[in-house]
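Secondary and tertiary structure notes
Next come the chains, spelled out residue by residue.
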Amino acid sequence: METIKLTIDNKEVEVPKGTTINKAAKKLGIDIPTLCYMELKDMNIENKPGGCRLCVVEVQKRRNLAPSCSTNCEEGMVILTHTPRVLNARRTVMEFILSDHPKDCLVCPKSGNCELQSMAHRLGIRDIPGQEYAEMSTYRKDFSPSIIRDLDKCIMCRRCETMCNTVQTVGALSAVNRGFMAAVAPAFEQNLEFSTCTYCGQCVAVCPTGALTEVNHVPNVLRALADPSKTVIVQTAPAVRAALGEMFGMKPGTLVTGKMVTALRSLGFNYIFDTDFAADLTIMEEGTEFLDRLNRHLKGDKTARMPILTSCCPGWVNFFEEYFPDLKDVPSTSKSPQQMFGAIAKTYFADKIKVDRKDLVVVSIMPCLAKKYECQREEFSTDGNRDVDFSISTRELGEFIKQANIDLNNLEEGEFDVPMGESTGAGVIFGTTGGVIEAAVRTAYELQTGKKLERIDFTELRGLEGVRSATIDFDGLPINIGIAHGLGNARKLLDDVRAGKSQFHAIEVMACPGGCIGGGGQPLHHGNSEIIKARAAAIYAEDKSKPLRKSHENPFIIKLYKEFLDKPNSEKAHHLLHTKYFDKKKKIIVKQ
Amino acid sequence: MSKYTMQLMVCGGTSCNSAESDVIVCNLRDEIEAKGLSDKVQVITTGCFGFCGKGPIVKVMPDNIIYVQVKPEDTQTIIEEHVIKGRKVERLLYRDPKTNEIAGDSKHMSVFKKQLRIVLRNCGVINPENIDEYIARDGYQALGKVLTEMTPEQVIKVVNDSGQRGRGGAGFPTGLKWDIASKNKADQKYVVCNADEGDPGAFMDRSVLEGDPHSVLEAMAICGYSIGASEGLIYVRAEYPMAIRRLKIAINQAHEYGLLGNDIFGKGFNFDITLRYGAGAFVCGEETALIHSMEGLRGEPTIKPPFPAQSGYLGKPTNVNNVETFAAIPVIILKGAEWFSKIGTEKSRGTKVFALAGKINNVGLIEVPMGTTLREIIFQIGGGIRNGKKFKAVQTGGPSGGCLTEKHLDMPIDFDNLIAAGSMMGSGGMIVMDEDNCMVSVAKFFLDFTVDESCGKCAPCRIGNKRLHELLSRICDGKGIPEDLDRLRNMSLVIKDTALCGLGQSSPNPVLSTLDNFMNEYEAHVKDKKCPAGECKNLMEYVVNEENCVGCTACARVCPVNAISGQRKEVHHIDPTICIKCGACKEKCKFDAIFIR
């Protein structure tokens, strides 16, 4: 590889051709501050609009300062990163940015997690000259079911745009207006709700400031907990336990399942259940549906469309309803685990504990922001009473626990309650890309072949490659599996399905890169894929530690069918656990 | 040859056209027909003569007589007096504002005397809607020569040797640009003509496109041959309807003649040109922003490298040149690099078109050799300052340039001298200011423009320029403090040092150059709360001079807000708390009894 030699702050360094000044400096241990810059290593995506201009450095013989995030090293370059000229420029530009930024840090949802705040601290800004007469660019706030946009706080770093357009190919966000009023917003400055947004929350996950935040449902949960007439039950998604610890200073990948249960109990929830239980249930329904379609397909039934697509991810559901409404009969009709849980909780479980569904409050802890929208979908409520009342994110739960003076580090390991807290390893791996289809394979194999599965770990289905495929031998019948995470990758597979070119029997899609462990509601990972990998490892470790690792072996699932649902895909199961999809292709209406 | 013995050339540029030159053309034709002269006298709509301040212009050939500020009702006189009786219509001739002498013919008019028209060679000379007239003036000969006698390398060498630098503003050597684009291998390359002229007061590109569109088309084809591109795109402002219309006509005619399209001159070279319309964003004159706009993306610049020559339109090597740059190319090819390189200064060869505007007598478009001094341009070609006022400053390079003063008047103008003086060539706007212009307000005016036109991508330009503008407004309002001047300078220097593209990097130039050259005015604003030029309303007060006031009440009667009180034949008073400083009283007073303090 061709290399380049240069000097940074009087130190020599040799780097491969094409390396930016910033990265070369890192090699020397020089950390040049950046704000708008974001790198998603595994996806090979860099957001470097060169917009914030805080990373500028002095390059000898160059007229002006160079943005180190987006200027490539050249042979013999002499670079100085902290001359008075550079420091003055950085400070002045930071003063510019702050002069057009609200000063409500005390009550901002990003407070403490805000990169702009940290940068102001790092650069030692103590005063914003001319603040008293500086005009601010202000915009209308936008509240959607999942995400709040407060563009007054937008600093035009364009990270959300990169996530929404380049990674997710959703195209809901782009820069609008110009000059002082420039900001990132949906086309025609529409509300997010009327845009193509899928609520995947990846924009929120990368926003350095409080411009994009989730709708906070903790106050609703608190109200429910305080109401003696309500029985409040909680379900926790598998990805939550693999990331919550990070909010309490634990190493990424620390499993906190037991501590989380104890914390939830201490917060006052009446029953602590596990979404993993519903994941096992999903496998029963989805797996059966898959086998039914597969066997009809193998018999030549033209109405049995292949491939089947998973449907547990609400961001993904929103995506195909928006972009592939013509394929809406392709995905499985099974509800997501969150909604299956809600449906069973408000019928079977409510009956069991003799509580009216209106007095039973179901809260979900999700790594996801689209779940907030999903639980508000009309078809998921009965007489106006939602199956899942509130969905809060991992981040919100972390904050909630802190507000209650609980230090997760010091908690005893607790146990989920029965019956809906019991799960198999298959339910756990729902939290990572490849997990849903692996869980499905474990069950479908045994149901289809009638044989016992020798090998439970399907490592060929794991990993962080954006699009993966594998062929699983169902006792002589090769089953082609496709996996995509990140909606941009999903689009590639869907385009093939639409064109009739897809060779897959089943495709798993998760909207967020990495799957739920990289969800829009998780503790911020700032694009660091090492964190994602550690979370995935934690999930697989929990799977491995479980005595039961196939959904159909979950004794409470077996009991549920026996007592209540009859059998998978029964009429009752259809009524409670399946759904339908809608054509939501947006028609853009421009007001005249 | 032509059967006509006389030609009446009427300027059909946007400026003259909006002063009804189209009606003049119709009237002239009607008159000629009525007098039965249709086979002897021809009326031609031409491009811009450059004498826009005195338009509409009618030029009578072969007498070389220019009539200025012609009205539709003047046509009968011109036909009867000049065409039929051979007598000049004196009242329509140009009068020198200083000497009040009537100019005999165009050759003796100071406005044309110092000019050397290469880019504008056909403007005001040919009918831009007729390709034959372009061809008659050696049009498409350069393309023919290039295709039949030269290799692409030879063409690039000629352009390189000519020393021509890009006329869009930055002055990058044209030949070098072509060379880089030619060396980048790709299955498809593009030639782009940047016709997104955005400087306030600059209209040289528009005039070329309106007056001589074929020169640009021909040059683009030559460029396409040199770099290996078969597609050309002209990014032209949608606000230039006449330029667009004439370009369309020109492209169609060139197609008909086989001068665009496939197998041009039978040499197997294919080249086609399409138009792209810009929505008038200033920043889209920046080449990367322009390319994004053409691609249907947001018109905002991206960091270079990669340069368009490496990865431009649709990711392919793209050569972007300005209209004026292209328009000179056919002449360079025909007359040779040596001829061109002898014109101008050592580092800036050739000529430059300037748009003269502001407080100058001859407002319009001129073309002079590089190295001409500001004094020659302003006082000889421009005819000096209007109303005998004193010259104060000239802003070159539009909003990105700087204000030059008396001490710069004898500096030969070229790319490097202007930058050394704290300004820039830009696209060639020249706005002249006199003693009545407040330089703080001038800086504020230009900042107002850049604040409006910033794309908002980088923080220094998006927010910094806004803050500069705010501070300038405060100073003009009398709210400034001496420390503000240091802040103004620091903010300006940082914006210049950190902004992403040329727009932001040059936007503080008007502030810095006025700070450098007119510090005393700034100080008067912040320390004494006075505007020496008397332009900043909040810093002035209309006062009655008690000695001169006779109590005629004229001022009180004209005051729109009843700020003036006083009995008849007694001294009047102006209440400064009510006065809105409209100046009506001062204008009305016959006794010079109202002054500004």
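Here the structure is a predicted model, which means the values were calculated and not measured. (Residues numbered from 1 in each chain as written. Chains lettered and ligands numbered in written order. Predicted model: local features only at pLDDT ≥ 70, side-chain atom pairs only at ≥ 80, totals over all residues. Heavy atoms only, no water.)

The next point concerns helix H18 (residues 459-476) of chain B. Residue and element names in this part refer to chain B. Taking 1.5 Å per residue as the helical rise, H18 with its 18 residues ought to reach 26 Å, and the 25 Å between its terminal C-alpha atoms agrees with that figure. Most of H18 sits inside the fold, with 17 of its 18 residues counted as buried. Of the residues flanking the end of H18, it is glycine 478, one or two places downstream, whose phi is positive at about 80 degrees. (Helix = DSSP H or I, 4+ residues; strand = E, 2+ residues; numbered from the N terminus. Expected span 1.5 Å × (residues − 1). Buried < 20%, exposed > 50% of the residue type's maximum accessible area, 1.4 Å probe, protein only.)

Glancing now at a negative patch on the surface. Residue and element names in this part refer to chain A. Residues Glu2, Glu12, Glu14 and Glu75 make up a contiguous surface patch of negative charge. Within the fold, glutamate 12 resides in strand E2 (residues 11-16). Looking at glutamate 12, the relative accessible area reads 63%, which means it is exposed. (Patch = residues over 30% accessible without salt bridge, like charges linked within 9 Å, V, L, I, M, F, W, Y side chains within 5 Å. Areas by Shrake-Rupley, 256 points an atom, 1.4 Å probe, with all protein chains shown as cover. Salt bridge = Lys/Arg side-chain N within 4 Å of Asp/Glu carboxyl O. Lys, Arg positive; Asp, Glu negative; His and termini not counted. Charge placed at Lys NZ, Arg CZ, Asp CG, Glu CD.)

So, on to the interface of chain A and chain B. Facing the 35 residues of chain A at the interface are 34 residues of chain B. Together, the buried faces of chain A and chain B total about 2,800 Å²; carbon and sulfur atoms form 52% of this surface. The largest contributions to the chain A side of the interface with chain B come from Phe96, Tyr133 and Arg178 of chain A, which together make up 26% of the buried area. Between lysine 466 of chain B and glutamate 135 of chain A there is a salt bridge whose closest N-O contact spans 3.1 Å. Linking chain A with chain B are 20 residue pairs in polar contact (both at pLDDT 80 or more). Those elements that provide at least two residues to the side of chain A that touches chain B are helix H2 (84-99) and strand E10 (174-176) of chain A. Broken down by element, the side of chain A that touches chain B gets its largest block of residues, 8 residues, from H2 of chain A. (Contact = heavy atoms within 4.5 Å. Buried area = accessible area lost by both parts, 1.4 Å probe. Polar contact = N/O pair within 3.5 Å; in protein donor to acceptor, adjacent residues only side chain to side chain.)

Residue and element names in this part refer to chain A. Note on placement: serine 68 falls in the loop between strand E6 (66-67) and strand E7 (78-80). The class of serine 68 is buried, set by a relative accessible area of 0%. Among the polar contacts listed, one links the side chain of serine 68 to the side chain of asparagine 22, at a separation of 3.0 Å. Excluding residues that lie within four positions of it along the chain, serine 68 makes contacts with Thr20, Ile21, Asn22, Ile32, Cys55, Val56 and Val57.

Moving on: the pairing of strand E19 (residues 390-393) of chain A. All names here are of chain A. Going residue by residue along E19, you find Phe390 and Ile392 tucked away on one face and Ser391 and Ser393 tucked away on the opposite face as well. Pairing geometry for strand E16 (residues 360-366) and E19, over 4 bridges, is parallel. Note on E19: the bridge partner recorded for isoleucine 365 is isoleucine 392. (Pairing = 2+ DSSP bridges.)

The next point concerns helix H9 (residues 314-323) of chain A. Residues and elements named next belong to chain A. For H9, a buried count of 9 out of 10 residues is recorded, marking the element as mostly surrounded by other parts of the structure. All buried positions along H9 are accounted for by Pro314, Gly315, Trp316, Val317, Asn318, Phe319, Phe320, Glu321 and Glu322. Those residues of H9 that are buried lie in contact with strand E15 (308-309), helix H11 (370-374), helix H15 (487-498) and strand E22 (506-510).

Residues and elements named next belong to chain A. Of the strand pairs in this sheet, strand E20 (residues 467-474) and strand E21 (residues 477-485) are connected by 8 bridges, and their pairing is antiparallel. Bridging across to E21, alanine 470 finds its partner in isoleucine 481. Between E20 and E21, which follow one another and run antiparallel, lie 2 residues, and aspartate 475 among them has a positive phi close to 55 degrees. Direction of pairing for E21 relative to E22: parallel, over a ladder of 5 bridges. Pairing of histidine 485 across the sheet is with methionine 510, part of E22. This β-α-β element, E21 to H15 to E22, shows right-handed connectivity. (Right-handed = clockwise from strand over helix to strand, strands pointing away.)

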